[in-house]
Amino acid sequence: MQTKPKNFDAVIHNEAYLDRYAGQPITHESMVSDAGRQTELLSGQWNFTVDQYDMALRSDWHLEETVDQSGRPLPLDYDFDRWETVAVPSCWNLARREYFYYESSGIYTRTFGYEKQNQDQRVFLKIGAAAYHAKVFLNKKFLGSHDGASTPFYIEVTDTLEAGNRIMVNVENRRQPDRVPMHNTDWFNYGGLYRDVELIRVSATYIKEFYCQLKKGSGFATMELRASVDGIDQNGQGTLEIEELGLRQTVTFQDGEVSAEIMVKPELWRPENPKLYQVKFTYGNDSLEEAIGFREFAVKGTDVYLNGEKILLKGIACHEESVLNGKAITEEEIIENFKLAKELNCNYLRLAHYPHTEKAAQIADRMGLMLWEEIPVYWSIAFENESTYRDAENQLLEMIKRDRNRASVVIWSVGNENADTEARYTFMKRLVDTARQADNSRAISAACLNDKIDLIINDRLAQHLDIIGINQYYGWYDPDFSKLEKLFANSSPDKPVLITEFGGGARAGHRGGVDEYFTEDNQRALYQKQVETMGRIPYIKGISPWILYDFRCPRRTNPQQAHYNRKGLLNEDKTLYKEAFYVMRDFYQQWQ
Ligand code: GCB
């Protein structure tokens, strides 16, 4: 065994400083069904510092050791309550000019009071999103760490909370090859606590999971209920109530779980009539109440059905971003995006390339838009790496568990544009199987690449998907547009194909010849050719052009792009419509 030299200093010489935080991963297993629960928000101003050298972790700042063993005061490198403040939720990149491209650790801390209401109450801390990795400390205790920038995580804090509390969160957003996504993407790498942080109080035995959706193939007349409870009382009764339907059904739990089918004929949710019911579920003293829509989304042959009727998915892709707030997009901004999608005659959006806030699906439920939700298995992540797989799978399950009661969500996507290698095939097939097992009421898909040499749709993953997503940029990255016709002619898929991306860049207001790149005229001509071609292909059952509005992208450096991906149908602040917007709007108006 190697011994440490006598003058080894644990703070400055110990490169294994992260080891003491390993082994407490926070995963989908600790999620709490929280839709419709009263929570206490810890949002607002938090003290913050960038911590490029990871001093908080190397020196255990969370222990707040202010004196040495003999009680002599120590010189401290931190001063929690006198640091500057930033808002939670927000992205640090937009808090200050100096932080714009910052990719490392940031330390958030605040104090808060807590009043116990009764002896049996249990409390969970929920962090809506921390990009990308978080380590959470409460009252000098390390509570665990979470990977993945876009999904919520939950930690039980019942025994750690006191009347006065100090929370400290290390959030770290280094781009790394073994993460999901890896270090190379086509969007901006925001960092920070950019969704709400909240406390959730539940009963001693509480409802942990609650799933209630229409059962597929039941003639729209049966609801499937699945729930689990956690706590000492595992064999009690739960009650499902939907007042508007006159429904009150009692179900009996066994060993903490129940699954039941309930005959009932609700009015069906659809984009033209996004009917939602207030659904209440009670177990002992614990209860949940959420607005749920009931619908059936199915695939048969090359057709897509909603509530038994053939539909086309008239969509648009969208990142979770605004110029002002980065990823900490507000409800008003989501509503604005969805209104623009409706103006484009859409009934559907592809939420690319990672889970957007859960508010998006709640709003889509209300506004009547169908959604594709995706995890950031993007380009060439470390498909050979088992820990990368576990991270991807956990993000997938956190997304599914979070949103599986949302009628608007019709497709789970397991990734985007991944080359068809052996390792990728195995990795993504596992994800498909996991998604299907977790929720068989939706279609599973992925945005695939086509074979650019033989010009054919032949991705091996496609055989395991319900719907094949295809990204194609003919007329842009490959200027030879004739290849698109060949690709479609050479392919005869036995399932529906969605064109998950096509498009080209244009700077709003920049006009010129149709052959001049980055003009609105070039983009318009490209859209005209694309929709004219795709509209004739019988197996194409949905389209989501890339993209609703321009988004920040450090890869894009020419003066027209100016660090934005300019493939939007609107500019980045959505004040300027580009010509292609109207091409798409008119196409969707008549596409049937
Ligand atoms: C793609 C990617 C998307 C990019 C887009 C582009 O295929 O899926 O993330 O932003 O192309 O603009 O190149």
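Here the structure is a predicted model, which means the values were calculated and not measured.

K.L.:
I would appreciate a short explanation of the nonpolar core in the present structure.
P.N.:
Core analysis: the largest hydrophobic core is formed by 85 residues, its most contacted members being Phe338, Val377, Ile543 and Met584. Residue assignment places this core across two domains, with domain 1 (17-202) and domain 3 (298-590) each supplying three or more. Excluding anything up to four places from it in sequence, Ile543 contacts Leu313, Lys314, Gly315, Ile316, Tyr348, Ile499, Phe502, Met534, Met584, Phe587, Tyr588 and Trp591. Trp92, Val123, Ile127 and Ala134 belong to the second largest nonpolar core, which has 30 residues in total.

K.L.:
Got a minute to help me understand the pattern of salt bridges in this structure?
P.N.:
Per the stated rule, a full pass over the model turns up 56 salt bridges. Its salt-bridge partner being Asp521, residue Arg511 comes within 3.0 Å of it at the nearest N-O pair. Of this pair, Arg511 sits in the loop between β29 (497-501) and α7 (520-534) while Asp521 sits in helix α7, placing them 10 residues apart in sequence.

K.L.:
Is there a simple way to think about the layout of surface pockets in this case?
P.N.:
A probe matching the size of a water molecule, rolled over the atoms, marks out where space remains unfilled. Of the pockets and cavities examined, the largest pocket occupies roughly 980 Å³. Considering the residues around the largest pocket, the lining is formed by 45 residues, among which Lys126, Thr357, Glu358, Lys359 and Gln362 are closest to the centre. Within the residue set of the lining of the largest pocket, elements represented by two or more residues are β13 (206-214), β19 (286-292), α3 (358-367) and α4 (386-403). For the lining of the largest pocket, the element with the highest residue contribution is α3, accounting for 6 residues. When its volume is computed, the second largest pocket comes out at roughly 780 Å³. Pro25, His133, Ser145, Asp147 and Asp391 are the residues nearest the centre of the second largest pocket, which is lined by 32 residues in total. When contributions to the lining of the second largest pocket are tallied by element, the ones reaching two or more residues are β7 (133-138), β8 (141-147), β10 (164-172) and α4. Sorting elements by how many residues they give to the lining of the second largest pocket places α4 first, with 6 residues. Of the residues in the lining of the second largest pocket, the class split is 7 nonpolar, 13 polar and 12 charged. Each of domain 1 (17-202) and domain 3 (298-590) contributes no fewer than three residues to the lining of the second largest pocket.

K.L.:
How should I be thinking about the domain arrangement of the chain in this particular structure?
P.N.:
As a measure of interface size, the accessible area lost when the parts come together is often cited. Partitioning the chain into domains gives domain 1 (17-202), domain 2 (217-295) and domain 3 (298-590). Here the C-alpha centroids of domain 2 and domain 3 sit 32 Å apart. At the junction of the two partners, domain 2 supplies 13 residues and domain 3 supplies 21 residues. The interface formed by domain 2 and domain 3 includes 1 salt bridge.

K.L.:
Is there a simple way to think about empty space enclosed by the protein in this case?
P.N.:
Within this structure, the stated rule accounts for 4 cavities of 30 Å³ or more. Tyr132, Ala149, Pro181, Trp187 and Asn189 are the residues nearest the centre of the largest cavity, which is lined by 18 residues in total. If you count residues domain by domain, the lining of the largest cavity takes at least three from each of domain 1 (17-202) and domain 3 (298-590). In this model, the second largest cavity occupies a volume close to 70 Å³. In this structure, the second largest cavity is lined by Cys318, His319, Glu320, Ile329, Ile334, Asn337, Phe338, Leu351, His356, Thr357 and Ala360. Sorting elements by how many residues they give to the lining of the second largest cavity places helix α2 (residues 331-343) first, with 3 residues.

K.L.:
Help me understand the sheet that holds strand β15 (residues 237-242) in this model?
P.N.:
Ordered by their spatial adjacency, 4 strands build an open sheet running β16-β15-β18-β19, and the pairing between neighbours is antiparallel. For this open sheet the edge positions go to β16 (247-252) and β19, each flanked by a neighbour on one side alone. Going across the sheet, the axis of each strand differs from the next one's by a mean of 15°, ignoring polarity. The pairing of β15 with β16 spans 6 bridges and is antiparallel. Directly across from Thr239, in β16, lies its bridge partner Thr250.

Reading guide: rules and limits
Residues numbered from 1 in each chain as written. Predicted model: local features only at pLDDT ≥ 70, side-chain atom pairs only at ≥ 80, totals over all residues. Heavy atoms only, no water. Core = buried A, V, L, I, M, F, W, Y, C linked by side-chain atoms within 4.5 Å. Buried < 20%, exposed > 50% of the residue type's maximum accessible area, 1.4 Å probe, protein only. Domains from an automatic or database assignment. Contact = heavy atoms within 4.5 Å. Salt bridge = Lys/Arg side-chain N within 4 Å of Asp/Glu carboxyl O. Helix = DSSP H or I, 4+ residues; strand = E, 2+ residues; numbered from the N terminus. 1 Å grid on protein atoms, 1.4 Å probe; cavity = no way out; pocket = protein on both sides within 12 Å on 5 of 7 lines; lining within 4 Å. Points joined across faces, edges and corners; volume = space filled by probe spheres on them. Nonpolar A, V, L, I, M, F, W, Y, C, P; charged D, E, K, R; others polar. Pairing = 2+ DSSP bridges. Axes fitted to C-alpha atoms, helices over the stretch in contact; angles between N-to-C directions.

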